[in-house]
Amino acid sequence: MQNDRIIIQPNCDDDYDADSLTCEAALKRIVDSVRAVSGTETLPIRETLGRILATPVVSAIDVPSHTNSAMDGYAVRAQDLPASGTKQLQVVGSAFAGKPFVGQVGDNQAIRIMTGAVVPSETDVVIMQEQVEIADDGSITIDDRHKTGQNVRAVGEDIQIGTEVLHRGHVIGPADLGLVASLGIAEIEVCRKTRVAFFSTGDELRGIGEPLELGQIYDSNRYTLHGMLTRLGVEVIDLGAVKDVRDTVRTALIDAAATADMVITSGGVSVGEADYIKEVLQEIGEVRFWKVAMKPGRPLAFGSIDGSVFFGLPGNPVSVMVTFYQFVQPCLLKIMGGEPRPQILLKAKAQNTLKKRPGRVEYQRGFLTRNDAGEFVVRTEADQGSGILSSMSNANCFVVLAMDSGRIEQGAFVDVQPFFGIM
Ligand code: AMP
Ligand code: MG
């Protein structure tokens with residue numbers, strides 16, 4: 001006590017904390033300390049959606065593999081293009097996609113050609129059917145508006161033999177399935193699935209279907225973690241909820257680390273609870289407890305247990321999601337063998353004032369839209385408490401407020417991280 005007032009100890013409501021790590025420093029330490037899994041598997045291309053490419057895809061063919069027409073029209077020799085005025089050409093045959101013209105195109109001759117059909121080697125120009133005049137005898141008249149190479153798709157114009165079309169670490173998307181198929185490749189080699197085990201900690205947690213007694217809550221973190229991890233395409237190992245009992249937590253951690261590449265827990269890392277979990281983690285692994293200068297999600301444990309990467313996330317449901325997207329996801333992507341994703345931040349105009357005190361980066365939950373003037377605008381959820389999971393359900397973006405920023409006035413521009421692209 002000092003002058004009748006209690007001296008307040010450092011606490012979770014403080015903004016500046018000298019011992020805190022910045023988000024960037026924490027992320028760098030995390031990502032720098034992990035490496036990619038080494039196993040791979042070779043799969044039919046349809047089964048590789050969302051997987052990470054382990055061996056680059058190199059084309060063994062030219063695409064297109066033959067010179068072909070980009071239009072329905074007439075294939076003509078360059079030397080027959082009139083320098084001025086018009087010229088009449090005899091039409092000596094037709095070429096369809098998949099059914100080439102058989103024969104020779106000679107002086108003052110042309111063929112009828114369809115989109116995708118092979119352009120005969122003697123011809124160099126395709127003239128659109130709308131740009132010719134057709135006579136009763138089937139001959140055509142062309143004028144002087146055409147250039148060599150026009151409407152002709154060259155061999156290898158899209159992809160040349162030997163080109164690396166997809167790099168190691170690329171996440172396979174729908175376009176890639178088509179691209180690989182267009183090269184005639186049936187199977188590709190992808191990184192093996194990363195195994196991620198997780199459990200919740202807390203005496204207060206109950207499973208769905210159990211009645212709630214006073215002070216108890218349903219375990220929701222395991223469900224959000226299930227969703228976030230499944231989206232990433234990892235093998236998900238849900239180990240349930242574990243009581244706050246030293247030996248139970250210890251056994252659960254050891255078992256999890258034995259089967260998984262990464263172990264994630266939620267709860268038990270805040271000041272009030274950290275002690276026994278801290279002791280256990282330090283006995284069985286190398287785990288550090290960090291205070292990250294962020295809100296929500298300041299307490300975070302990170303390290304390794306028996307070769308597995310360990311994340312101890314805070315218990316509050318929103319903190320779990322924020323720390324997952326800011327730290328676990330980029331870390332996991334590297335372990336999965338993926339190349340880092342660019343972080344997309346947009347500038348949007350705040351539609352309401354945003355409460356904020358300097359000292360920590362804040363990830364507020366917002367809803368991003370475009371106004372009639374075509375500007376991005378964002379409004380934030382009224383209740384930004386770290387236990388308000390509905391604020392995440394109702395949001396479609398994080399509003400990222402810089403460490404030193406104070407309150408944001410309505411109409412000011414703020415950084416927004418859209419959920420699409422990260423979720
Ligand atoms: P803790 O980090 O363990 O102190 O937990 C912080 C807050 O998050 C407490 O209100 C917990 O009841 C809540 N919490 C912890 N784990 C979960 C969970 N799995 N699902 C929902 N809420 C949780
Ligand atoms: Mg707890």
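Residues numbered from 1 in each chain as written. Chains lettered and ligands numbered in written order. Predicted model: local features only at pLDDT ≥ 70, side-chain atom pairs only at ≥ 80, totals over all residues. Heavy atoms only, no water.

### Side note on the overall build of the protein
Note the cut-off: Secondary structure follows DSSP: runs of H or I at least 4 residues long count as helices, runs of E at least 2 residues long count as strands, and numbering of each begins at the N terminus. As defined in this context, the radius of gyration uses C-alpha atoms, and a globule is described by 2.2 Å times the residue total to the power 0.38. Partly exposed residues are those whose accessible area sits between 20% and 50% of the maximum for their type, while under 20% is buried and over 50% is exposed, using a 1.4 Å probe and protein chains only. Any two residues whose heavy atoms approach within 4.5 Å are treated as being in contact. We score Asp and Glu as negative and Lys and Arg as positive, and we do not count His or the chain ends. The atoms used to mark charge sites are NZ of Lys, CZ of Arg, CG of Asp and CD of Glu.
In terms of regular secondary structure, the protein is built from seven helices and 26 strands. For 423 residues, the compact-globule estimate of 2.2 N^0.38 gives 22 Å, and the protein exceeds it by more than 25% at 31 Å. Its C-alpha atoms give the protein principal-axis dimensions of about 110 × 50 × 40 Å. Looking at the 423 residues of the protein, the share that counts as buried comes to 44%. For the protein, restricting intrachain contacts to residue pairs at least 6 apart in sequence, the fraction spanning at least 24 positions comes to 72%. Distance between charge centres in the protein, computed from 40 positive and 54 negative side chains, equals 4 Å.

### Quick look at the packing of helix 1 (residues 23–32) against helix 6 (residues 317–335)
Operational definition: Note on method: axes are straight lines fitted to C-alpha atoms, helices fitted across the in-contact stretch only, with angles between N-to-C directions ranging 0 to 180 degrees. Working definition: roughly parallel below 35 degrees, roughly antiparallel above 145 degrees, roughly perpendicular at 65 to 115 degrees, and oblique for all remaining angles. Crossing handedness follows the turn of the near helix against the far one: under a right angle anticlockwise gives a left-handed crossing, and clockwise gives a right-handed one. Note on residue classes: Ala, Val, Leu, Ile, Met, Phe, Trp, Tyr, Cys and Pro are nonpolar, Asp, Glu, Lys and Arg are charged, and everything else, Gly too, is polar.
Here helix 1 crosses helix 6 at 25 degrees, and the two axes come no closer than 9 Å. With respect to their mutual orientation, helix 1 and helix 6 come out roughly parallel. As helix 1 packs across helix 6, the resulting crossing turns out to be right-handed. Each of C23, A26, L27, I30, V31 and D32 in helix 1 lies in contact with helix 6, whose residues at this interface are Q326, F327, P330, C331 and K334. Of the residues that constitute the contact of helix 1 with helix 6, the class distribution is eight nonpolar, one polar and two charged.

### Let's talk about the pattern of salt bridges
To keep things clear, this is the line we draw: Salt bridge, as used here, is a side-chain nitrogen of Lys or Arg placed within 4 Å of a carboxyl oxygen of Asp or Glu.
Scanning the entire structure with this criterion turns up 17 salt bridges. R246 is paired through a salt bridge with E279; the nearest N and O atoms lie 2.6 Å apart. One end of the pair, R246, is in helix 4 (residues 246–259); the other, E279, is in helix 5 (residues 274–284), and 33 residues separate them in sequence. The exposure class assigned to R246 is partly exposed, which follows from its relative accessible area of 29%. The residue R407 makes a salt bridge to E409 at a minimum N-O spacing of 3.0 Å. Within this structure, R77, D80, K87 and D107 form a network of salt bridges that share partners.

### As for the packing of helix 3 (residues 221–232) against helix 6
Running from N to C, helix 3 and helix 6 cross one another at 25 degrees; their axes reach a closest spacing of 11 Å. Considering their axes alone, helix 3 and helix 6 lie roughly parallel with respect to each other. Helix 6 is crossed by helix 3, and the crossing has right-handed handedness. Residues N221, T224, L225, M228, L229 and L232 of helix 3 form the contact with helix 6, whose participating residues are P317, V320, M321, F324, Y325, Q329 and L332. Its residues assigned to classes, the contact of helix 3 with helix 6 shows 10 nonpolar, three polar and no charged.

### What to know about the side chain of T380
Applicable threshold: N or O atoms closer than or at 3.5 Å make up a polar contact, with two conditions inside protein: a donor-capable atom paired with an acceptor-capable one, and, for residues adjacent in sequence, both atoms drawn from side chains.
On the secondary structure map, T380 appears in strand 24 (residues 376–380). One polar contact links T380 to N352, side chain to side chain, over a distance of 2.8 Å. Ignoring any residue separated from it by four or fewer positions in sequence, one finds T380 in contact with N352, L354, Q364, R365, G366 and V399.

### Considering the packing of aromatic side chains
Stated precisely, the cut-off is as follows: Pairing of aromatic rings covers Phe, Tyr and Trp, the last through its six-membered ring, and needs centres within 6.5 Å; plane angles under 30 degrees mean stacked, over 60 mean edge-to-face, and all others mean tilted.
One pass over the full model with this rule turns up five aromatic pairs. Geometrically, the ring pair formed by W290 and F302 is tilted, given 5.7 Å between the ring centres and 40 degrees between the ring planes. One end of the pair, W290, is in strand 18 (residues 286–291); the other, F302, is in strand 20 (residues 299–305), and 12 residues separate them in sequence. Take W290 and F302: they sit in the same class, and that class is buried. Ring centres 5.0 Å apart and planes at 75 degrees place the aromatic pair F398 and F419 in the edge-to-face group.

### Describing unusual backbone geometry
Between V63 and P64 the backbone carries a cis peptide bond, its omega angle lying at -5 degrees. One can find P64 in the loop between strand 2 (57–58) and strand 3 (68–69). Omega for the bond connecting K295 with P296 falls within 30 degrees of zero, at -5 degrees, which places this linkage in the cis form. Mapped onto the elements, P296 comes out in the loop between strand 19 (294–295) and strand 20. Phi at N108 is positive, roughly 55 degrees, even though this residue is not glycine. Structurally, the position occupied by N108 is in the loop between strand 5 (87–95) and strand 6 (109–113).

### Quick notes on a nonpolar patch on the surface
Condition: Exposure above 30% relative accessible area and no salt bridge define the residues that can form patches, which grow by joining like charges within 9 Å and nonpolar side chains of Val, Leu, Ile, Met, Phe, Trp and Tyr within 5 Å. Here the open area of atoms and residues is found with the Shrake-Rupley method and a 1.4 Å probe, where only the protein chains shown may cover a residue.
Residues I208, L212, Y218 and Y223 make up a contiguous nonpolar surface patch of about 420 Å² in total accessible area. Its location among the elements puts Y223 in helix 3. Residue Y223 is classed as partly exposed on the basis of its relative accessible area of 45%.

By themselves, these are just geometric observations and shouldn't be taken as functional.
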